[in-house]
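A look at the structure
For reference, the chains in residue letters:
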Amino acid sequence: MNHKTGLDPLDWNTFRGQAHKMLDAAIDQMENAADRPWQPAPTDLQDRYKIGARPASTDLLDRIQTDVLPYHGGNIHPRFWGWVQGTGLASDLIAAMAAAATNENMGGRDHGGIYMERAVIDWTRKKMGFPESASGICVTGTSQATVIAFQAARLRVLKNLRATGQGDIRLTAYAPVGVHNATVKALQLLGIGSDNLRQIPLQDGKLNAEILRETLAADRADGALPFLLVGNAGSVDLGLFDDLNQLADLADEHELWLHVDGAFGAWTRLADAPWHGLTDGIERADSIALDFHKWMYVGYDCGMVLIRDEDEHRAAFAARPAYLEGTAQGIAGNEPWFCDYGIDLSRGNRAIKVWCALEMFGEQAFADAITDNCRMAALMAEDVEKRPRMRLGHAVVSNVCTFTANDTLPPAQQSELNAEIALTLQQNGTAVFSTTRVDGIVMLRAAIVNHRTQASDIRAALDAVADLCP
Ligand SMILES: *Cc1c(COP(=O)(O)O)cnc(C)c1O
């Protein structure tokens with residue numbers, strides 16, 4: 001935009017042309033995602049992004065095409081299975097434009113975005129089997145959702161916490177070994193301290209109830225106040241699920257708040273049998289954290305916390321100083337406001353990505369994609385087991401497959417080989433695995449939350465792994 005002052009385009013027609021060009025480029029990128037794997041950033045990319053190095057001008061679109069679109073994080077590609085990263089959806093393009101055009105502040109007040117977020121929460125609440133008395137809020141992701149849930153859990157046992165702080169009371173929390181670091185970080189941020197997180201060993205892939213009971217008794221005898229039990233619905237490393245009904249019984253028995261980390265795995269609730277049953281009991285939790293940007297495929301970022309009892313949710317966050325007082329009518333109407341359910345006052349419309357996705361493709365398409373991803377992980381496991389030197393790290397439960405490329409080597413050499421294979425396949429654009437340690441060995445790990453993956457992608461990737469195997 002070639003003018004010295006002013007923040008609206010001087011010529012909206014010129015802008016219209018640029019914006020249409022951007023939309024075409026974005027659609028091309030999505031349509032041809034299979035031809036656009038991750039690639040390393042050129043050495044001068046930092047310099048190219050330097051603010052003000054070039055005159056503000058109309059070549060922005062060219063720069064986006066040459067400097068921005070090619071250097072994405074790889075997760076749009078059909079053979080990207082590293083970490084747990086969703087692919088993004090075509091509906092995101094439409095949602096992003098609508099969100100930018102409305103630019104709603106979702107902290108509260110009376111406008112369409114608030115009604116839309118409530119609709120998205122209500123849909124999710126029903127999918128997870130929570131009662132109508134439940135509440136929720138869209139957040140950046142499970143990390144933030146976890147902080148919100150734990151704060152509400154803490155309020156249940158420390159009614160004056162908001163005014164007085166935690167003081168000398170030592171709260172303790174319980175979670176299965178392998179719980180995501182989001183739980184650790186939330187306890188640190190809230191001043192509870194990660195030393196007060198007891199990581200309970202697993203038995204058959206699930207939290208060991210007997211050890212939990214013993215640990216609770218020991219902590220109580222030691223003067224601690226146990227308050228929180230965290231269950232996994234899809235552990236990050238291996239995709240394991242706790243027996244959530246058993247955890248709900250334990251939480252009742254020991255008066256603990258039950259929080260379920262369902263960042264990706266909660267969505268098996270939409271899948272066919274047998275995967276649907278993995279989350280049985282999730283409806284009994286006090287809170288659930290989950291992400292739309294992982295296994296609901298919507299673009300970053302969007303997660304949600306659901307809290308079973310709205311009163312407990314509000315008790316932890318609601319506060320309305322004079323400058324935020326609501327009114328019966330007008331823009332300041334439409335209680336409740338989302339600022340009373342979380343950390344942020346000003347917030348963007350994340351729900352619109354979920355809403356557009358569900359309204360564009362329909363719920364069944366998501367259920368099918370999630371089921372299909374589980375089938376792809378099972379197929380990968382089957383293929384691994386057919387190859388003489390490869391070996392699974394753990395039986396596949398849902399959508400996560402871990403394996404070593406050559407189990408005839410000593411552990412240290414396997415680790416080295418697997419790490420090298422992951423790197424080579426990333427760098428040559430073939431496929432993206434990440435790595436994790438299983439029984440001390442660095443293994444290749446695929447977490448399939450990718451609606452573009454087909455059986456041919458799985459086979460091609462394993463062929464490529466085999467080719468790199470001495
Ligand atoms: C990704 C993940 C988290 C953290 O969620 P973010 O959305 O990245 O903040 C927590 N738990 C599990 C199991 C995860 O996979």
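Quick caveat: nothing in here was measured; it's all calculated off a predicted structure.

We now examine the layout of surface pockets. One water molecule sets the probe size; rolling that probe over the atoms shows where empty space is left. Volume-wise, the largest pocket comes out at about 830 Å³. As for the largest pocket, its lining consists of 31 residues, of which A26, M30, D92, L93 and A96 are closest to the centre. Breaking the lining of the largest pocket down by element, the ones donating at least two residues are α1 (12-31), α4 (90-102) and α12 (351-361). Taken together, the residues of the lining of the largest pocket sort by class into 19 nonpolar, ten polar and two charged. Shared between two domains, the lining of the largest pocket holds at least three residues of each, these being domain 1 (15-76) and domain 2 (97-361).

Here we come to the environment of L240. Residue placement: L240 occurs in the loop between β6 (225-232) and α10 (244-254). Separated by 155 residues in the primary sequence, L240 and A395 place their C-alpha atoms 9.7 Å from one another. Look past the residues within four positions of L240 in its chain and what remains in contact with it is L202, G205, N232, A233, G234, S235, H394 and V397.

Let us look at the site of the ligand. Residues in contact with the ligand amount to 13 residues; listed here are only the nearest, S143, D261, D291, H293 and K294. Within the side chain of K294, one N or O atom sits 2.9 Å away from an oxygen atom of the ligand. Contact with the protein chains removes 86% of the 380 Å² of surface that the ligand exposes when unbound. Here the shell around the ligand is composed, by residue class, of four nonpolar, six polar and three charged.

A few words on the sheet that holds strand β11 (residues 400-404). Reading across the sheet, the four strands line up as β10-β11-β13-β12 and stay open at both edges, with antiparallel pairing between neighbours. With one partner strand each, in any of the chains shown, β10 (391-392) and β12 (434-438) form the two edges of the open sheet. Here two bridges tie β10 to β11, and the two strands are oriented antiparallel to one another. Its bridge partner being in β11, R391 is matched across the sheet by T404. The strands touched by helix α13 (residues 363-386) within the sheet are β10, β11 and β13 (441-447), with β11 carrying the most contacts at an inclination of about 15 degrees. Most of the contacts of helix α14 (residues 411-427) go to β13, to which it runs at about 35 degrees, and overall it touches β10, β11, β12 and β13.

Positionally, R350 belongs in the loop between α11 (310-317) and α12. In contact with R350, other than residues within four places in its own chain, are C138, V139, T140, D301 and C302.

The end-to-end C-alpha separation of α4 is 19 Å, in line with the 18 Å expected for 13 residues at 1.5 Å each. Buried residues of α4: S91, D92, A95 and A99, and no others. Projected down its long axis, α4 carries its buried residues within an arc of 95 degrees, all on one side. What points out from α4, more than 90 degrees from its buried face, is the exposed set A100 and A101. Where α4 is buried, its residues meet α12. Once α4 finishes, N103 follows within two positions and takes phi at roughly 45 degrees, a positive value.

Segmenting the chain into domains produces domain 1 (15-76), domain 2 (97-361) and domain 3 (364-467). For domain 1 versus domain 2, the separation of C-alpha centres amounts to 35 Å.

Moving on, we come to the pattern of salt bridges. Here the structure, examined in full by the defined rule, presents 26 salt bridges. Residue K127 is joined to E363 by a salt bridge in which the shortest nitrogen-to-oxygen separation is 2.7 Å. A residue pair is termed long-range when its members are at least 10 positions apart, and K127 in helix α5 (residues 112-127) and E363 in helix α13 qualify at 236 residues. Since its relative accessible area comes to 25%, K127 is described here as partly exposed. For E363, a relative accessible area of 32% puts it in the partly exposed group. A salt bridge links E253 to R213; its shortest N-O distance comes to 3.0 Å. With E253 in helix α10 and R213 in helix α9 (residues 209-221), the pair connects residues that are 40 residues apart, well separated along the chain.

For the rest of this paragraph, the subject is the UniProt feature "modified residue: N6-(pyridoxal phosphate)lysine" (unreviewed entry) in the chain. Look at the UniProt record and you will see "modified residue: N6-(pyridoxal phosphate)lysine" (unreviewed entry) annotated at K294. The residue K294 is located in the loop between β8 (287-291) and β9 (303-307) in this model. Among the residues examined, K294 registers a relative accessible area of 14% and is labelled buried. Excluding anything up to four places from it in sequence, K294 contacts V84, G86, A263, F264 and V449. At 3.5 Å, the side chain of K294 forms a polar contact with the side chain of D291.

The next point concerns unusual backbone geometry. Omega for the peptide link from Y300 to D301 comes to -15 degrees, which places this bond in the cis form. The topology assignment puts D301 in the loop between β8 and β9. With an omega of -5 degrees, the peptide bond between E335 and P336 qualifies as cis. Along the polypeptide, P336 turns up in the loop between α11 and α12. A positive phi angle, close to 45 degrees, is found at N103, a residue other than glycine. With respect to the element layout, N103 can be found in the loop between α4 and α5. In this structure, Y297 takes a positive phi of about 70 degrees despite not being glycine.

What counts as what
Residues numbered from 1 in each chain as written. Predicted model: local features only at pLDDT ≥ 70, side-chain atom pairs only at ≥ 80, totals over all residues. Heavy atoms only, no water. 1 Å grid on protein atoms, 1.4 Å probe; cavity = no way out; pocket = protein on both sides within 12 Å on 5 of 7 lines; lining within 4 Å. Points joined across faces, edges and corners; volume = space filled by probe spheres on them. Helix = DSSP H or I, 4+ residues; strand = E, 2+ residues; numbered from the N terminus. Nonpolar A, V, L, I, M, F, W, Y, C, P; charged D, E, K, R; others polar. Domains from an automatic or database assignment. Contact = heavy atoms within 4.5 Å. Near = heavy atom within 4 Å. Polar contact = N/O pair within 3.5 Å; in protein donor to acceptor, adjacent residues only side chain to side chain. Areas by Shrake-Rupley, 256 points an atom, 1.4 Å probe, with all protein chains shown as cover. Pairing = 2+ DSSP bridges. Axes fitted to C-alpha atoms, helices over the stretch in contact; angles between N-to-C directions. Expected span 1.5 Å × (residues − 1). Buried < 20%, exposed > 50% of the residue type's maximum accessible area, 1.4 Å probe, protein only. Arc of directions from axis to C-beta. Salt bridge = Lys/Arg side-chain N within 4 Å of Asp/Glu carboxyl O. UniProt positions renumbered as here; feature names shortened; annotations may be inferred.

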